[in-house]
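Chain by chain, the residues:
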Amino acid sequence: MEALLQQAQSVLGSGYSVLAIAALVFAKTISTLGSAFDFHDKNFVQKRFKRLNELRASVKKDHRPLAQYLDDAIELEAFRVASGVTAGKQKMDFLIGIASLGLWDRTQLRWLAKHIEQGPQDTTPSIRITRLDWVGAAIGLVSLSYCILAGIFFFAYLSFTMPMPYGMALGLLAFVALIFLARLLGEDFYSAMCARNIRKRLESRAAITSHEPCLSEVLPNDFREERETELSTAPEPQ
């Protein structure tokens, strides 16, 4: 019994047990964050959706304007819960049309939503990336690169200057924290690049054919007008 206790003390007292403890703490933290996100979804994100459904059930059918308003609100709220994007009716239809192509995931569509605009003279939304967006993207790229380099530096510095494995554990912790920070600070860069790539992809699809399913609803106005102009001015085959 005493031998087992001495062996347990030696294992707990060894430096490498710090890595195992740090890994357990990290896993527990991730699990706690997941539970917190689930609590937030159930009690905050979906709460308004449930209340709208309850209100809609209490409205009589002869109250057509209010019933229609609640139906539209429920549809928009369901889209917000599913996509994470708060949007109006036309912007929602625009994003659903792009999602129906099956080329981009939920995160990419959420990034794209930041660059969907509809001017006073526009009949439908379109993808627009302004100079200010590119300035924000450049700042995000610089911040992203700085955090990654700082994470690598702290990991190497702490690993070589502190006793093993304490330095490695602290360096790894600093590296992971800075990577998460880089992910947050680079959001503007990711969204601008994603919107540009999606715009180019839609433009290339319009150049290939004008008979794609849902393409007329998905493409921005300028793409459709340019494509229609090219088709109308193209010489007929002899």
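Attention in this report is confined to the structure presented alongside it. Computed from a predicted model, the values in this text were never measured in an experiment.

## Details of the packing of aromatic side chains
Where two aromatic rings form a pair, the distance of their centres and the angle of their planes describe that pair.
So, step 1. Counted according to the given criterion, the structure contains five aromatic pairs.
So, step 2. Their ring planes at 15° and their centres at 5.8 Å tell us that F153 and Y157 sit as a pair that is stacked. Note that F153 and Y157 are positioned in helix α7 (residues 131–161) at a spacing of four residues, about one turn of the helix.
So, step 3. With centroids separated by 6.5 Å and ring planes inclined at 55°, the aromatic side chains of F155 and F175 adopt a geometry described as tilted. A residue pair is termed long-range when its members are at least 10 positions apart, and F155 in helix α7 and F175 in helix α8 (residues 166–185) qualify at 20 residues.
So, step 4. Overall, the relative accessible area of 31% leaves F155 in the partly exposed class.
So, step 5. Accessibility expressed as a relative area gives 26% for F175, which makes it partly exposed.
So, step 6. Three or more aromatic residues link up through ring pairs in this structure, and these residues are W111, F189 and Y190.

## Quick notes on the packing of helix α3 (residues 47–58) against helix α4 (residues 64–83)
So, step 1. The geometry of α3 relative to α4 is characterised by a closest axis approach of 10 Å and an angle of 160° between their N-to-C directions. One way to sum up the angle between α3 and α4 is to call them roughly antiparallel. Judged by the sense of rotation from one axis to the other, the crossing of α3 with α4 is left-handed. Touching R48, F49, L52, N53, L55 and R56 of α3 are A67, L70, D71, A73, I74, E77 and A78, all from α4.

## Notes on α8
So, step 1. For α8, built from 20 residues, the straight-helix expectation of 28 Å at 1.5 Å per residue is met to within 8% by its first-to-last C-alpha distance of 28 Å.
So, step 2. Along α8, the positions that sit buried rather than exposed are G167, A169, G171, L178 and A182.

## Some details on the pattern of salt bridges
Close approach of charged atoms allows side chains with opposite charge to pair.
So, step 1. Per the stated rule, a full pass over the model turns up nine salt bridges.
So, step 2. In this structure, R56 and D71 form a salt bridge, with 2.6 Å as the shortest nitrogen-oxygen distance. With R56 in helix α3 and D71 in helix α4, this pair connects stretches of sequence that are 15 residues apart.
So, step 3. Owing to a relative accessible area of 29%, D71 belongs among the partly exposed residues under this scheme.

## Examining a nonpolar patch on the surface
So, step 1. A contiguous nonpolar surface patch, about 340 Å² in accessible area, is contributed by I148, L149, I152 and I179.
So, step 2. A per-element tally of the nonpolar patch places α7 first, with three residues.
So, step 3. Relative to the assigned elements, I148 resides in helix α7.

## So, the nonpolar core
So, step 1. L95, I98, W104, L112, I127, I198 and L202 are the most contacted members of the largest nonpolar core, which totals 19 residues.
So, step 2. For this core, the elements supplying multiple residues, two or more each, are α5 (89–99), α6 (106–113) and α9 (187–208).
So, step 3. Each residue touching I198, except ones within four places of it in the same chain, is listed here: W104, Q108, L112 and I127.
So, step 4. Of all hydrophobic cores here, the second largest spans six residues; its members include V59, A67, L70 and A73.

## Examining the environment of D133
So, step 1. By secondary structure assignment, the location of D133 is in helix α7.
So, step 2. Along the primary structure D133 and S191 are separated by 58 residues, whereas in three dimensions their C-alpha atoms are 9.1 Å apart.
So, step 3. Residues in contact with D133, not counting those within four places in the same chain, are H115 and R128.
So, step 4. Within the structure, the side chain of D133 is placed 3.0 Å from the backbone nitrogen of T130, a separation counted as a polar contact.

## Remarks on the environment of F79
So, step 1. Position of F79 among the secondary structure elements: in helix α4.
So, step 2. Between the alpha carbons of F79 and K89 there is a distance of 9.9 Å; along the sequence they are ten residues apart.
So, step 3. When neighbours within four sequence positions are excluded, F79 is seen to be in contact with G84, V85, A87, M92, L95 and I96.

Cut-offs used in this document
- Residues numbered from 1 in each chain as written.
- Predicted model: local features only at pLDDT ≥ 70, side-chain atom pairs only at ≥ 80, totals over all residues.
- Heavy atoms only, no water.
- Phe/Tyr/Trp six-rings, centres within 6.5 Å; stacked < 30°, edge-to-face > 60°.
- Helix = DSSP H or I, 4+ residues; strand = E, 2+ residues; numbered from the N terminus.
- Buried < 20%, exposed > 50% of the residue type's maximum accessible area, 1.4 Å probe, protein only.
- Axes fitted to C-alpha atoms, helices over the stretch in contact; angles between N-to-C directions.
- Parallel < 35°, antiparallel > 145°, perpendicular 65-115°, else oblique.
- Left-handed = near helix turned anticlockwise from the far one by under 90°.
- Contact = heavy atoms within 4.5 Å.
- Expected span 1.5 Å × (residues − 1).
- Salt bridge = Lys/Arg side-chain N within 4 Å of Asp/Glu carboxyl O.
- Patch = residues over 30% accessible without salt bridge, like charges linked within 9 Å, V, L, I, M, F, W, Y side chains within 5 Å.
- Areas by Shrake-Rupley, 256 points an atom, 1.4 Å probe, with all protein chains shown as cover.
- Core = buried A, V, L, I, M, F, W, Y, C linked by side-chain atoms within 4.5 Å.
- Polar contact = N/O pair within 3.5 Å; in protein donor to acceptor, adjacent residues only side chain to side chain.

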